[in-house]
Every structure is written in structure tokens, then in C-alpha cells.
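The lines below spell out each chain.
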Amino acid sequence: MRSPEVVVIGLGAMGSATLYQLAKAGVHVLGIDQFQPPHNRGSSHGETRITRLALGEGEAYVPLVKRSHEIWRELESATGSSLLHQVGGLIFAGSNGRKAAHGAEDFLKTTCEVAAKHQIQHERLTTDEMSERFPQFKFHSGESGYYEPEAGYVRPEACIQAQLDQARILGAGIRFNESFHSWRKDGEGFCIKTDQCTYRTERIVLTAGPWIGKLVPEWQPVTRTYRQLLHWFQTDGPKDMFSPENMPIFIRVPDATHSMFYGFPELGGSGKGLKIAGEQFDIPCNPDLLDKTVTSEETQTMFESASTHLRIRAKCIRSVACQYTVTPDFGFLIDHHPENNKVWIASPCSGHGFKHSAGIGEVLSKALTENTTPDTLSPFQWRFGEETK
Ligand SMILES: Cc1cc2nc3c(=O)[nH]c(=O)nc-3n(C[C@H](O)[C@H](O)[C@H](O)COP(=O)(O)OP(=O)(O)OC[C@H]3O[C@@H](n4cnc5c(N)ncnc54)[C@H](O)[C@@H]3O)c2cc1C
């Protein structure tokens, strides 16, 4: 192929979105991935990802998620795929000793403030109101909640597939099972080496997810990758009670007595199980050596944490290991390369990036085609001190 104007390395959530948007903007673009996305070795597998408009992580994220919802609806019309399911979302917390989550001191309070400021439809609920509305849960005295009808879930594998398919239709080149090795400056552009080819290009996007530290060693000190687990537990109640028509996505904010957990209604019919997950930031992992075996002890720990609030049985139907990359403040890190502003990096999205990925792809495409840094990205640029850059 003739030299592409832009090469995108990594075609998961962020890379497939960027490839699609660049192709849509008429840019001659090539995407390269070491595997064949959507795959189950990075950050973007496991059937569902939560999406919500009022972000407990802060108002800077609101434009990205709003735009992502619009893009997924456009993609649904173009492809016939079902991507975004706005089944509602419930975020609830106890009244005492709340712990920080995703960088927010009080995730529930910030969610409510962002909703009010950005006029996002929502309701505040007392313990009794939550118990009456959502019998799938066992709420504890003193807990209160936030309900957002436009929240829900997206299907990560289907979103990636749809964006890759559309990018291809719009003329993007795609190379799977090809591993990026290095780039170097070559005149006004770059020379890229993979395990199979050498390419010349004008601009580069690095969206390598958990592998970003390998590709950008300058960012390694501020990016850590952690193994995370997803479990599907058998439900305990009338079979329709847990269906997406009757149950929202949910997040239990951590406090002194309860760990954080989140989950989804039962998809695909009764018997498939409620998908539930927590988060761990104690043991970093090497993305190439992700341990995919989930032990019975790990499953038991998840059950003990979530069964305090959910009507589930100790029977785990299946479990999956995944990994994501976090920064010290749990915010995103999206910026150009420390040595060259024609190389953009978007990946360390701290375990809450999927809902924003379609919008990030569009903003990155703008940054590359207009050679500017859109205002939307400024809160996510480098902020960790020069010494670690
Ligand atoms: C368990 C779990 C639950 C989550 N829950 C949510 C949620 O509910 N809501 C939400 O919004 N977000 C959630 N997230 C976060 C979200 O899924 C991630 O932020 C997002 O998927 C990251 O996408 P990415 O493109 O950065 O990485 P990936 O999708 O992993 O893509 C990176 C790609 O780069 C490729 N690559 C790497 N190195 C090379 C190389 N040298 N050459 C070629 N290709 C390379 C990889 O093969 C891979 O395909 C969750 C994440 C996990 C793991």
C-alpha cells in the first residue's frame, strides 16, 4: 500500500475508534494490531461495560461520554449492530466512611453534582425507595442512591467490530497479527518497524492499552497495569426480576465496611447469571503474562463482597480475567509524545475508559487532522511532573 498519512498502533477500544474517525474524515490511515481485535487478551472483553452520563470521576468527562453515545447510535444505524443499552443505572453508598473511587473522594456526591450542573436526568433515592424499586438488591439502613435513566451498558466487542468494519468500508487499511516494534523520525515524517514490515507515515497514534508502557517507556513510571476479574453468579429470585427490562446497571461505592463492586443485569435470558466485578490495585501485572485462571478463592471473595447486597447464589457460572492500566490519580492520560507532537498516545484510561472511547477517537482524529489540542483533551494531558516524563 502507499504510505499512509497516519498509522494507528493497537485496535482495541481507543484504536478502533480513532481508526474509524480518521477514515471517516477522509484520512489515508492504517491500523495495526498484534492480535485480531476484538480479542480477550487486553482491556476490552467480557461482553459489557458500564456507561453513565454524570461521571463520578468529574465533569471533564461529560462531553466525551455524551458524544460517544451519539456515535454508537450512528454506528448502530450504519451497521445494524446493537451497541448501547440504556437500561438505567443505580449508584448507591452508605452514609459513613465512604472511600475514594476512581480518583473521587466521594463518588456519589460528585455524580450528583455533575448531574445537577449538566442537567442530566436523575433521581435521588432513599433506602426505602431503592428497596421498593429494586428488589434484586438487599439495601442496608442509611444507604442512599442516585438513579440515572440514560445510563446503561455498551457491548465492547461489538463496538470494536463495528468501528473496524466501518473503517475498512471507508478505506482504512487494517493489519492483524502484526506487532509494532519501533518508530524513528524520518525527515518530516516517521519510519515504523513491525515484525513484518517497514512503513513510512506522517503521524502516529499509539493506543496499545495495557502494553503502553512498553511502547512509551517515558510514561512507564506513571502507568500500572492490574489484573481484574469478572464473575457471573446465579441469581436467587423470580427469573424475570434480573432481566435488563427490570434491573439497571449498578455501582456500590466503597466504604469502611464494604468494598466497591459493580455489575449488570442478567443478559441473554434467565440462567446466564449476573455479571459482577470489583477492582484491585494491589498487584500489578505484566500484560504479556496475564494469568487467565480465576481461582475458587477469588470467586469466593467476590461472592462474599457482592452477596451482602445482591440476591445471588454462591454458584459462579463463569469467570474471566482482564487487565487495565491506571495512572496515579485514576484519570486518563491522553497527550502527544514527550519528544514529538505528531505522535499521539491514548490508552491509560484507568479502568473507566470504554464509555468514552468513541468520543476519544473523534477528538484524536481532530487533533491529528487539525494539528491542535482540542480543549476537551486538556484535563487529560501530562500532569505528573517533568522528572517522570
Ligand atoms: C474488567 C474491566 C472492567 C471495565 N469496566 C469498565 C466499565 O464498566 N466502563 C468503562 O467505561 N470502562 C471499563 N473498563 C475500562 C475499559 O474497558 C478500558 O479503558 C478500555 O477498554 C481500554 O481500551 P484500550 O484501547 O486502551 O486497550 P485495549 O482494548 O486492550 O487495546 C489495546 C490494543 O493494542 C494492541 N497492542 C498492544 N501492543 C501492541 C503492539 N506492540 N503492536 C500492535 N498492537 C499492539 C493490543 O493487542 C490491543 O488490541 C473496564 C476494563 C476492565 C479490564
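Reading the values: rules and limits
Residues numbered from 1 in each chain as written. Predicted model: local features only at pLDDT ≥ 70, side-chain atom pairs only at ≥ 80, totals over all residues. Pairing = 2+ DSSP bridges. Helix = DSSP H or I, 4+ residues; strand = E, 2+ residues; numbered from the N terminus. Axes fitted to C-alpha atoms, helices over the stretch in contact; angles between N-to-C directions. Expected span 1.5 Å × (residues − 1). Buried ≥ 20, exposed ≤ 12 C-beta atoms within 10 Å, placed from the backbone. Contact = placed C-beta atoms within 7 Å. Parallel < 35°, antiparallel > 145°, perpendicular 65-115°, else oblique. Left-handed = near helix turned anticlockwise from the far one by under 90°. Nonpolar A, V, L, I, M, F, W, Y, C, P; charged D, E, K, R; others polar. Domains from an automatic or database assignment.

Student: Honestly, the sheet that holds strand β11 (residues 189-194) in this entry has me stumped. Any pointers?
Tutor: As a general point, the strands of a sheet are linked pairwise by backbone hydrogen bonds and lie either parallel or antiparallel. One open sheet holds the 3 strands; their spatial order is β10-β11-β12, and the pairing between them is antiparallel. Each edge of the sheet is formed by a strand with only one pairing partner; in this case those strands are β10 (180-186) and β12 (198-201). Strand-to-strand twist in this sheet, taken as the mean axis angle between neighbours without regard to direction, amounts to 20°. Direction of pairing for β11 relative to β12: antiparallel, over a ladder of 4 bridges. Among the inter-strand pairings, Phe190 is bridged to a residue of β12, identified as Thr201.

Student: Please explain helix α2 (residues 62-79) as it appears in this structure.
Tutor: One full turn of an α-helix is made of 3.6 residues, so residues set three or four places apart face in the same direction. Here α2 spans 26 Å end to end across 18 residues, near enough to the 26 Å set by a 1.5 Å rise per residue. Taken residue by residue, α2 has Val62, Leu64, Val65, Ser68, His69, Ile71, Trp72 and Leu75 as its buried positions. Looking at the buried positions of α2, the neighbouring elements they touch are β3 (49-51), β4 (84-85), α3 (107-117), β8 (152-154), α5 (156-169) and α8 (357-370). A positive backbone phi angle near 80° is found at Gly80, which sits one or two residues after α2.

Student: What should I look at first to understand the environment of Ala25 in this one?
Tutor: Summarising the element assignment, Ala25 is placed in the loop between α1 (13-24) and β2 (29-32). Judged by local crowding, Ala25 falls into the partly exposed class, with 16 C-beta atoms found within 10 Å. Each C-alpha atom of the pair Ala25 and Lys366 lies 8.8 Å from the other, and the pair is 341 residues apart in sequence. In this structure, Ala25 is in contact with Ser365 and Thr369, ignoring residues within four places of it in sequence.

Student: Which parts of the structure should I look at to understand the packing of α1 against α5?
Tutor: Packing of α1 against α5 brings their axes to within 8 Å, and their N-to-C directions diverge by 30°. Comparing the axis directions of α1 and α5 gives the class roughly parallel. Read as a crossing pair, α1 and α5 show a hand that is left-handed. Residues Ala13, Ser16, Ala17, Leu19, Tyr20 and Ala23 of α1 form the contact with α5, whose own contacting residues are Pro156, Ile160, Gln163, Leu164, Gln166 and Ala167. A per-class count over the contact of α1 with α5 returns 9 nonpolar, 3 polar and no charged.

Student: Sorry if this is basic, but what is going on with the domain arrangement of the protein here?
Tutor: Domain boundaries in the protein define domain 1 (6-45 + 156-220 + 329-388) and domain 2 (86-151 + 224-326). Placing the centre of domain 1 and that of domain 2 at their C-alpha centroids yields a distance of 29 Å. Domain 1 puts 15 residues into the contact, and the matching count from domain 2 is 11 residues. Looking at the side of domain 1 that touches domain 2 residue by residue, the classes come out as 5 nonpolar, 8 polar and 2 charged.

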